[in-house]
Amino acid sequence: VFNTVTGPPGKEIVWLVWTADAVTQLEEARTDALRQGCVTNFDTEKKLGEFLQTNAAGPTGAQMDEKRSVTVLNGSGGTIVYRVELEHR
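Teacher, can you tell me more about the nonpolar core here?
The nonpolar side chains of soluble globular proteins are, as a tendency, buried together. Counting residues in hydrophobic clusters, the biggest one holds seven residues: Val-23, Leu-26, Ala-29, Leu-48, Phe-51, Leu-52 and Val-81. It is helix H2 (residues 42-56) that contributes the most residues to this core, three residues altogether. Discounting residues that sit within four places of it in the chain, Phe-51 has contacts with Val-17, Thr-19, Val-23, Gln-25, Leu-26, Thr-79 and Val-81.

How should the pairing of strand S2 (residues 60-65) be read in this particular structure?
Across a regular strand the side chains alternate sides, sitting on one face of the sheet and then on the other. Pairing of S2 with strand S3 (residues 70-75), which is carried by six bridges, proceeds in the antiparallel orientation. Bridge pairing in S3 links Gln-63 to Val-72. The hairpin formed by S2 and S3 contains four residues between the paired strands, and Ser-69 there has a positive phi angle of roughly 55 degrees.

Got a minute to help me understand the environment of Gly-58 in this structure?
Tracing the backbone through its elements, the reader meets Gly-58 in the loop between H2 and S2. In sequence terms Gly-58 and Ala-29 are 29 residues apart; their C-alpha atoms lie 21 Å from each other.

Help me understand the packing of helix H1 (residues 24-36) against H2 in this model?
How two helices pack is summed up by the angle between their axes together with the distance between the axes. As a packed pair, H1 and H2 sit with axes 9 Å apart at the nearest point and diverge in direction by 135 degrees. Taken as axis vectors, H1 and H2 run oblique relative to one another. The handedness of the crossing between H1 and H2 is left-handed. Contact residues: Gln-25, Leu-26, Glu-28 and Ala-29 in H1; Thr-44, Lys-47, Leu-48 and Phe-51 in H2. Of the residues assigned to the contact of H1 with H2, the class counts are four nonpolar, two polar and two charged.

Scoring rules and cut-offs
Residues numbered from 1 in each chain as written. Predicted model: local features only at pLDDT ≥ 70, side-chain atom pairs only at ≥ 80, totals over all residues. Heavy atoms only, no water. Core = buried A, V, L, I, M, F, W, Y, C linked by side-chain atoms within 4.5 Å. Buried < 20%, exposed > 50% of the residue type's maximum accessible area, 1.4 Å probe, protein only. Helix = DSSP H or I, 4+ residues; strand = E, 2+ residues; numbered from the N terminus. Contact = heavy atoms within 4.5 Å. Pairing = 2+ DSSP bridges. Axes fitted to C-alpha atoms, helices over the stretch in contact; angles between N-to-C directions. Parallel < 35°, antiparallel > 145°, perpendicular 65-115°, else oblique. Left-handed = near helix turned anticlockwise from the far one by under 90°. Nonpolar A, V, L, I, M, F, W, Y, C, P; charged D, E, K, R; others polar.

This is the structure in structure tokens:
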């Protein structure tokens, strides 16, 4: 999946999430974001943040290839969550 970062130079935080099954917190956030352009509901945002923080501690390995600008994630179980900080100019 490709994503374009716009705006002034700086650091962007991107959460990479893969789940084998639908997750209520993610579905609510996706629905809100598609409807509004971003997550606007406070309760949805709070639940999403809790989901990301809880699952980011899971068994995930990341291998970064800076030459090819590729990151490969490995994990076990039905959920992989990984936080990436991207610097753009």
